[in-house]
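Coordinates in review
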Amino acid sequence: MKKGKSLVSIVIIFAIIVLLGYYAFTILKSSGVGEDRNFKLGLDLAGGVSITYQAVGDDYTEDDMNDTVYKLQKRVESYSTEAQVYKSGNDNNRIVVEIPGVTDANEILEELGKPGSLEFQDKDGNVILTGTDVVDAQPGTNDQTTAKSKYVVNLTFSDDAAETFYDFTKDNVGQTLAIVYDGETISAPNVTEAISGGKCEISGMESYEAAEQLASSIRIGSLSVELEELQSQVVSAQLGSDAIRTSIMAAVIGVLIVMVIMIVLYAVPGVIAAISLALYSGLVVATIYVFDVTLTLPGLAGVILSIGMAVDANVIIFARIREELAEGRQVQTAIKIGYKKALSAILDGNITTLIAAAVLGLRGSGSVRGFAATLAIGIILSMFTALVISRILMYAFHGLGVRDPKFYRPAKPKKVIPFVNRRIIYFVISLAVIVVGFGSMGVHSAKGEGALNYSLEFAGGTSTTFDVGEDMTVEQIEAEVVPVFSEVTHDSDIQTQKVQNSTQIVVKTRTLTLNEREELATALEENYGVESDKIQTETISSTISSEMRADALWAVIIATICMLIYIWFRFKDIRFASSAVIALVHDILIVLTCYALMRISVGGTFIACMLTILGYSINDTIVVFDRIRENLNNLHVKDKVTVREVANKSISQTLGRSLNTSITTFVVVLVLYILGVASIKDFALPLMVGVISGTYSSIFIAASLWFGMKLRLGKKKLPDHIERKSDGNEGAAILTNELSKKKKKKLEAKKAKEENASTQV
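Quick caveat, the model's predicted, so the values are computed rather than measured.

1. Points about the side chain of asparagine 172
Positionally, asparagine 172 belongs in the loop between helix 5 (159–171) and strand 8 (178–181). There is a polar contact of 2.8 Å between the side chain of asparagine 172 and the backbone oxygen of phenylalanine 168.

2. Here's the deal with empty space enclosed by the protein
Over the atoms, a rolled probe matching the size of one water molecule traces out where space is still vacant. Following the criterion strictly, the structure yields seven cavities of 30 Å³ or more and no others. Of the pockets and cavities examined, the largest cavity occupies roughly 340 Å³. Every residue lining the largest cavity is counted, 27 residues in all, and those nearest its centre are Ser306, Met309, Leu375, Gly378 and Ile379. If you list the elements that add at least two residues to the lining of the largest cavity, you get helix 8 (268–290), helix 9 (297–310), helix 10 (312–326), helix 11 (331–363), helix 12 (367–399) and helix 19 (604–633).

3. Focus: the packing of helix 15 (residues 474–489) against helix 16 (residues 514–528)
The N-to-C vectors of helix 15 and helix 16 enclose an angle of 150°; their axes lie 10 Å apart at closest approach. What the angle tells us is that helix 15 and helix 16 run roughly antiparallel. Crossing handedness for the pair helix 15 and helix 16: right-handed. Across the interface between the two elements, Glu480, Val481, Val484, Phe485 and Val488 from helix 15 touch Glu516, Glu519, Leu520, Ala523, Leu524, Asn527 and Tyr528 from helix 16. For the contact of helix 15 with helix 16, the residue count by class is eight nonpolar, one polar and three charged.

4. Structural notes on the confidence of the model for the protein chain
Averaged over all residues, the pLDDT of the protein chain equals 80, while 84% of them reach at least 70. The model gives residues 31–37 a pLDDT under 50, and that stretch makes nine contacts with residues more than four places away or in other chains. Within the model, pLDDT remains below 50 along residues 757–761, and this stretch shows zero contacts once partners closer than five positions in the same chain are excluded.

5. Quick word on the packing of aromatic side chains
Scanning the entire structure with this criterion turns up 14 aromatic pairs. For the ring pair phenylalanine 571 and phenylalanine 576, a centre distance of 5.1 Å and an interplane angle of 45° mean the geometry is tilted. Of the two residues, phenylalanine 571 and phenylalanine 576, neither departs from the other in class, the shared state being buried. These aromatic residues form a ring-pair network of at least three members: Phe419, Tyr426, Tyr696 and Phe700. In this arrangement the basic side chain of lysine 572 is found over the ring face of phenylalanine 569, its NZ or CZ atom lying 5.3 Å from the centre.

Reading guide: rules and limits
- Residues numbered from 1 in each chain as written.
- Predicted model: local features only at pLDDT ≥ 70, side-chain atom pairs only at ≥ 80, totals over all residues.
- Heavy atoms only, no water.
- Helix = DSSP H or I, 4+ residues; strand = E, 2+ residues; numbered from the N terminus.
- Polar contact = N/O pair within 3.5 Å; in protein donor to acceptor, adjacent residues only side chain to side chain.
- 1 Å grid on protein atoms, 1.4 Å probe; cavity = no way out; pocket = protein on both sides within 12 Å on 5 of 7 lines; lining within 4 Å.
- Points joined across faces, edges and corners; volume = space filled by probe spheres on them.
- Axes fitted to C-alpha atoms, helices over the stretch in contact; angles between N-to-C directions.
- Parallel < 35°, antiparallel > 145°, perpendicular 65-115°, else oblique.
- Left-handed = near helix turned anticlockwise from the far one by under 90°.
- Contact = heavy atoms within 4.5 Å.
- Nonpolar A, V, L, I, M, F, W, Y, C, P; charged D, E, K, R; others polar.
- pLDDT = per-residue confidence, 0-100.
- Phe/Tyr/Trp six-rings, centres within 6.5 Å; stacked < 30°, edge-to-face > 60°.
- Buried < 20%, exposed > 50% of the residue type's maximum accessible area, 1.4 Å probe, protein only.
- Lys NZ or Arg CZ within 6 Å of the ring centre and 35° of its normal.

Next up, the structure:
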């Protein structure tokens, strides 16, 4: 790149960073709610609307209530992925809907609709199907036949109802099917043909809004239990502004520390990484704002964590460039080759994680979908800044005259460390830690304390509402009210909210015993003069329903299977894929052990933590496997290289990258832990354990597993009769039999030709 062009490129990139920085600062500076707030925040950071419904009558079962909670959860996710729906009331006959970031309860009630009965009736009023037969109803457009959009509602029925619907439409072509909601016909479409498969389309809507309203009424009418509104109110954030401020401060400090580390480690490439990281940070803030992603405190922490992980692609590239420089190549050539060689590891690692994010977003519910969105944004932007921006800057700096190899820190000769030789020791250490974790869960379970310390989100608890007689800020509540409850419950898992335009406070804790409720009433009367008969307590269910947990579990299982298939496809060997997945399970179990031993609260952040580790760990392992694949492909037929040597060499070559990425990620999480509020600490601590475990498994577990499988499993395993060195070690089997079929055929043809020529002579 010429000097003038290089200078222009750098100026443009710096200008973009300044503009993005100003834009991000403007967004983050806002402190209002609803339309006044630039960011869409969750209940914990921004508050929102709380609506309580009462079940009508008593002709319903607990399964009906659970089904209603789940369907309502899916319904309100159109407002926010962080919305919560849970049962309340001592008889569990109430359902609470909490939607963050909004302030008009009446508007939400109007849009959400009145949950009532829904029926599909023929022209004589006979009921064909009911609302419980509806799986989903969504508005849409259909402009396949004309240039003008046609607004429709797409209906999906359950498998059992599909056959009934087909029989009705087959026998009633030309007739109407009335959709009756609470005794009122809200739509009466004509049947134009027999409809099979359980899916149909209602056309003829005058506008998209009309289609949306009809779809909403059908969805809300498909609830298993009829509900009536009991009360609605606007509630404050569960956490004060200090939580946001300290998290943003942690992000800024974390970014600065990572920049310094990169510059110290990589010199000029480190400066380029620092510039790219600044651009990445601004892009993340802007993208989350543009795509209207709802942020909770754990989500904000996840974004901060992505800052530490964002430099990973740069670290891979810089390590490659340094290796090329060590081979004696010119800087420009080293840059070109370095980016080329690093591309496969970056793409495979990030695409694997993107697959996981896509599955989690499509299959998961609630906070899982929100996490998937922030994860995908972070991955795409980190690849863009590393592969595009960093590359432009690298050539620009070179064009400005920064061409001395010493500015790029050529790699020093690496000693090959015999990692896989001691693999049994590593396996035993990991197994011992995991056994201790499960043992701890067994002990606590036997004591009746629960295998894990389940939080309100998983176990439910008690909601206490009282009037303190004065307008307290969220910070005052945290400082004064929370300690009163902590002293009674001996537990830190306490959520607080204040009801807007009143002096009422709502406090959610674990389930309180009768004695604890009496003790709490006494404490509130002594501290705030609250009379015991003015204190309202009710039991609340978990905000993460069993269906949502099942969604999350299935999402993780499907994501893991998809990652396994992708790795198998890319590496042409299921042993790579199997080793990566086993290492991934290893990391999840190690983090689970951390939760068990330290009794860290298992709530919504638990799911986010496990999903973060899933993405981080697999990415780290892919880098090691990519180097093994490359070293295998680069073998020459005359090379007497063993499986053991390839594995050890590959791990040693990527060791610096693994450690450097782990350091930058760990530092960011550590700052988050030091500065964060209590709930953030419960998220950051197991994350630090996960980062360490992910690094450990990539270096000591994954490659060793592949090594063992390579010798003993599959059609292409190395059989015992292959030539071995004199020491008889199992890893000494030579790799000439690992050459591709194409190379083997060439060798055989060459040998035959030589023998033929010899015969002719």
